[in-house]
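One-letter residues, chain by chain:
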Amino acid sequence: MRFAVALAALCAAHEVGDQWMQTHHQALTKGGRGEQQRAGQAACARHVVTMTATKALMLGVTSVATRTRLPLGRTALALGVDAASHYWADRRFTLAGLADRLGKGEYYRLGAPREGRDDNVTIGTGAYALDQAWHAAWLWVAALIVASGEEVM
């Protein structure tokens, strides 16, 4: 039961945090490299902090509403693991590099504006799909952490 409660709350919170809580500036800046690296790191960190706070809040509300006790220590660990994985992927070059190494680079770039062209920018890209799949996998890991074993306090 804890797994289902945690996964449902984490998935809903992820959508809220990634789409509604993230600022436009964070979305545009978080992947910055080179001269923009520090700004990118800071924007990504701020995004992950608000994302994690959203997940903690929604986990708490869900726990109370469903009367399901979520172990505090494991829940904190799960949120930390999820935050680290989210930051790693949202720096963008990291996930793009992984996609390239796994033979998914062409898919990652699918739908992205082409160099020197005035292509229509859309969120329906391979990069977006792989990003969201990455996050979903780590939400599953986080829910497993919350649900596994006895409470550690």
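Thresholds applied
Residues numbered from 1 in each chain as written. Predicted model: local features only at pLDDT ≥ 70, side-chain atom pairs only at ≥ 80, totals over all residues. Heavy atoms only, no water. Phe/Tyr/Trp six-rings, centres within 6.5 Å; stacked < 30°, edge-to-face > 60°. Helix = DSSP H or I, 4+ residues; strand = E, 2+ residues; numbered from the N terminus. Buried < 20%, exposed > 50% of the residue type's maximum accessible area, 1.4 Å probe, protein only. Axes fitted to C-alpha atoms, helices over the stretch in contact; angles between N-to-C directions. Left-handed = near helix turned anticlockwise from the far one by under 90°. Contact = heavy atoms within 4.5 Å. Nonpolar A, V, L, I, M, F, W, Y, C, P; charged D, E, K, R; others polar. Polar contact = N/O pair within 3.5 Å; in protein donor to acceptor, adjacent residues only side chain to side chain.

Draft legend 1. Expanded view of the packing of aromatic side chains. For the structure on display, the rule yields two aromatic pairs. With centroids separated by 4.9 Å and ring planes inclined at 35 degrees, the aromatic side chains of Trp88 and Trp134 adopt a geometry described as tilted. Highlighted residues: Trp88 in helix 4 (residues 72-90) and Trp134 in helix 7 (residues 126-147), separated in sequence by 46 residues. Classification of Trp88 as partly exposed rests on a relative accessible area of 31%. For the ring pair Trp134 and Trp138, a centre distance of 5.8 Å and an interplane angle of 50 degrees mean the geometry is tilted. Taken together, the positions of Trp134 and Trp138, both in helix 7 and four residues apart, correspond to about one turn of that helix.

Draft legend 2. Structural detail: the packing of helix 3 (residues 37-66) against helix 4. At a closest axis distance of 10 Å, the pairing of helix 3 and helix 4 adopts a crossing angle of 145 degrees. In the crossing of helix 3 with helix 4, the sense of the turn from one axis to the other is right-handed. Here Gln41, Cys44, Ala45, His47, Val48, Met51, Thr52, Lys55, Ala56 and Leu59 of helix 3 come into contact with helix 4, specifically with Thr75, Leu79, Asp82, Ala83, His86, Tyr87 and Asp90. Along the lines of polarity and charge, the residues of the contact of helix 3 with helix 4 split into nine nonpolar, five polar and three charged.

Draft legend 3. Highlighting the side chain of Asp90. Here Asp90 lies in helix 4. Polar contacts involving the side chain of Asp90 include one to the side chain of His47, which spans 3.2 Å. With sequence-adjacent residues up to four places away left out, Asp90 is seen in contact with Asp18, Lys30, Gly31, Cys44, His47, Asp131 and His135.

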